[in-house]
Amino acid sequence: MEQTSRTARHRTREEITEEILRAARKRLTEAGPGELSLRAVARDVGMVSSAVYRYFPSRDDLLTSLLILAYDEIGAAVEDADHAVSDRADLLARWTAACHAIRDWAVTHPGDYALTYGSPVAGYIAPRDTVGPATRGTVVLVTIVTDAYRDGRRARPAPPGARAGLEKTLGDAMRFVQARDLPHPPPEVVARTIMAWTSIFGTVSFELFGHLEGSVSDKADWFDEVVLRLAVDLGLT
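Procedures and definitions
Residues numbered from 1 in each chain as written. Predicted model: local features only at pLDDT ≥ 70, side-chain atom pairs only at ≥ 80, totals over all residues. Heavy atoms only, no water. Helix = DSSP H or I, 4+ residues; strand = E, 2+ residues; numbered from the N terminus. Buried < 20%, exposed > 50% of the residue type's maximum accessible area, 1.4 Å probe, protein only. Contact = heavy atoms within 4.5 Å. Areas by Shrake-Rupley, 256 points an atom, 1.4 Å probe, with all protein chains shown as cover. 1 Å grid on protein atoms, 1.4 Å probe; cavity = no way out; pocket = protein on both sides within 12 Å on 5 of 7 lines; lining within 4 Å. Points joined across faces, edges and corners; volume = space filled by probe spheres on them. Core = buried A, V, L, I, M, F, W, Y, C linked by side-chain atoms within 4.5 Å. Phe/Tyr/Trp six-rings, centres within 6.5 Å; stacked < 30°, edge-to-face > 60°. Lys NZ or Arg CZ within 6 Å of the ring centre and 35° of its normal. Expected span 1.5 Å × (residues − 1). Salt bridge = Lys/Arg side-chain N within 4 Å of Asp/Glu carboxyl O. Nonpolar A, V, L, I, M, F, W, Y, C, P; charged D, E, K, R; others polar. Axes fitted to C-alpha atoms, helices over the stretch in contact; angles between N-to-C directions. Parallel < 35°, antiparallel > 145°, perpendicular 65-115°, else oblique.

S.K.: Quick rundown of the overall build of the chain? Include the residues and the values.
M.R.: A tally of helices and strands in the chain yields 12 helices and 0 strands. Reading the chain from its N end, one meets helices and strands in the order α-α-α-α-α-α-α-α-α-α-α-α. For the chain, the C-alpha atoms occupy an extent of roughly 65 × 50 × 35 Å along the three principal directions. Considering the chain as a whole, with its 237 residues, one finds that 42% of them fall into the buried category. In the chain, the proportion of contacts linking residues at least 24 apart, taken out of those at least 6 apart, comes to 73%. Accessible surface, the chain as shown: approximately 12900 Å² in total, 53% of it carbon and sulfur.

S.K.: Tell me about empty space enclosed by the protein, residues and numbers included.
M.R.: Counted according to the given criterion, the structure contains 1 cavity of 30 Å³ or more. The calculated volume of the largest cavity comes to roughly 50 Å³. Residue lining of the largest cavity: Ile-74, Gly-75, Ile-102, Tyr-117, Ala-134, Gly-137, Thr-138 and Phe-201, and that is the complete set. Secondary structure elements with two or more residues in the lining of the largest cavity: helix H4 (59-83) and helix H8 (136-150).

S.K.: Pulling in residues and values, what's your account of the nonpolar core?
M.R.: Grouped burial of nonpolar side chains is what soluble globular proteins tend to show. Counting residues in hydrophobic clusters, the biggest one holds 31 residues, and the most contacted among them are Val-78, Trp-95, Cys-99, Ile-102, Ile-144, Ile-200 and Leu-236. No other element matches helix H5 (residues 91-108), which puts 8 residues into this core. Each residue touching Ile-102, except ones within four places of it in the same chain, is listed here: Ile-74, Val-78, Leu-141, Ile-200, Phe-201 and Val-204.

S.K.: Would you mind going over the packing of aromatic side chains in detail, with residue names and values included?
M.R.: Taken as a whole and assessed by the stated rule, the structure comprises 4 aromatic pairs. Between Tyr-71 and Tyr-117 the ring centres are 5.9 Å apart and the planes differ by 85°, which places this aromatic pair in the edge-to-face class. Note that Tyr-71 is positioned in helix H4 and Tyr-117 in helix H6 (residues 110-117), a separation of 46 residues in sequence. For Tyr-71, a relative accessible area of 11% gives the class buried. Tyr-117 sits in the partly exposed class, given a relative accessible area of 25%. Considering the side-chain rings of Tyr-113 and Phe-209, the 6.2 Å spacing of their centres and the 45° angle between planes classify their relative orientation as tilted. Here Tyr-113, found in helix H6, pairs with Phe-209, found in the loop between helix H11 (187-208) and helix H12 (219-233); they are 96 residues apart in sequence, far enough to count as distant. Judged by relative accessible area, which is 34%, Phe-209 ranks as partly exposed. Connected via pairs of aromatic rings, a cluster forms that spans Tyr-71, Tyr-113, Tyr-117, Phe-201 and Phe-209. Cation over ring: Arg-103 sits above Phe-223, and NZ or CZ is 5.9 Å from the ring centre.

S.K.: Please provide a residue-by-residue account of H5, values included.
M.R.: Here H5 spans 26 Å end to end across 18 residues, near enough to the 26 Å set by a 1.5 Å rise per residue. Where H5 is concerned, the buried positions are Leu-91, Arg-94, Trp-95, Ala-98, Cys-99, Ala-101, Ile-102, Arg-103, Trp-105 and Ala-106.

S.K.: Could you give an account of the pattern of salt bridges, naming the residues involved and the relevant values?
M.R.: Applying the stated criterion across every chain, the model contains 16 salt bridges. One salt-bridge network, in which partners are shared between bridges, spans Asp-82, Arg-88, Arg-94, Asp-147 and Arg-150.

S.K.: Which residues make up the layout of surface pockets, and what values go with them?
M.R.: For the largest pocket, the calculated volume is near 660 Å³. What lines the largest pocket is a set of 30 residues, and nearest its centre among them are Tyr-117, Ala-134, Thr-135, Thr-138 and Trp-197. At the level of secondary structure, the elements contributing two or more residues to the lining of the largest pocket comprise H4, H6, helix H7 (131-134), H8, helix H10 (171-178) and H11. Residue classes in the lining of the largest pocket are distributed as 21 nonpolar, 8 polar and 1 charged.

S.K.: How would you summarise the packing of H4 against H6 if you had to cite specific residues and measurements?
M.R.: Here H4 crosses H6 at 105°, and the two axes come no closer than 10 Å. Judged by the inter-axis angle, H4 sits roughly perpendicular to H6. Contacts from Leu-63, Leu-66, Leu-67, Ala-70, Tyr-71 and Ile-74 of H4 reach H6 at Asp-112, Leu-115, Thr-116 and Tyr-117. A class-by-class count of the residues in the contact of H4 with H6 yields 8 nonpolar, 1 polar and 1 charged.

In structure tokens:
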């Protein structure tokens, strides 16, 4: 009986936690990450703020849970999109599917995207707990590029006049690749990958935050063009 009671309490706590997170995500979309507060979320779920503090001791704890949830969702979407391509040698199809998963998730969850890839929330510093979830989608993109390198496909070479010493500049990125069971491409490939990664998220951010207005009439078509040209730069075609 006591075990049943503990299980019921645990289930009830999970349900209330999920309700709070749903309300917080809705508020992210309606008001933006900077306006998120436990008091406001408590009103949305019909609880007193002191009760919400039993589930999330501070606003930062709530932000961290929201970040991890969002990063895991977008990471899972990218992983699923890549795995859905049955021909693993079709790197362009895998790249395109993964990139589209990023945009599709972002367009569907603009508030969550603003929290994860928008302006930092004043006074909040994301803890190490968020790093693993945050890199899930990135690992997929890096894996596709390193698969291309392993298959003998090559990214475009550095242009004339490119600076030397990229390996030192890209030390953290090189270590990121080397820490995984992946081929170790030269610095130029890593540099091209970072350029592509930031271009993908930059294009999505420009779309969601309204910076493409007056420049691009069809956001989806423009994204397709960016994805394809980046794939060519990376030697995926």
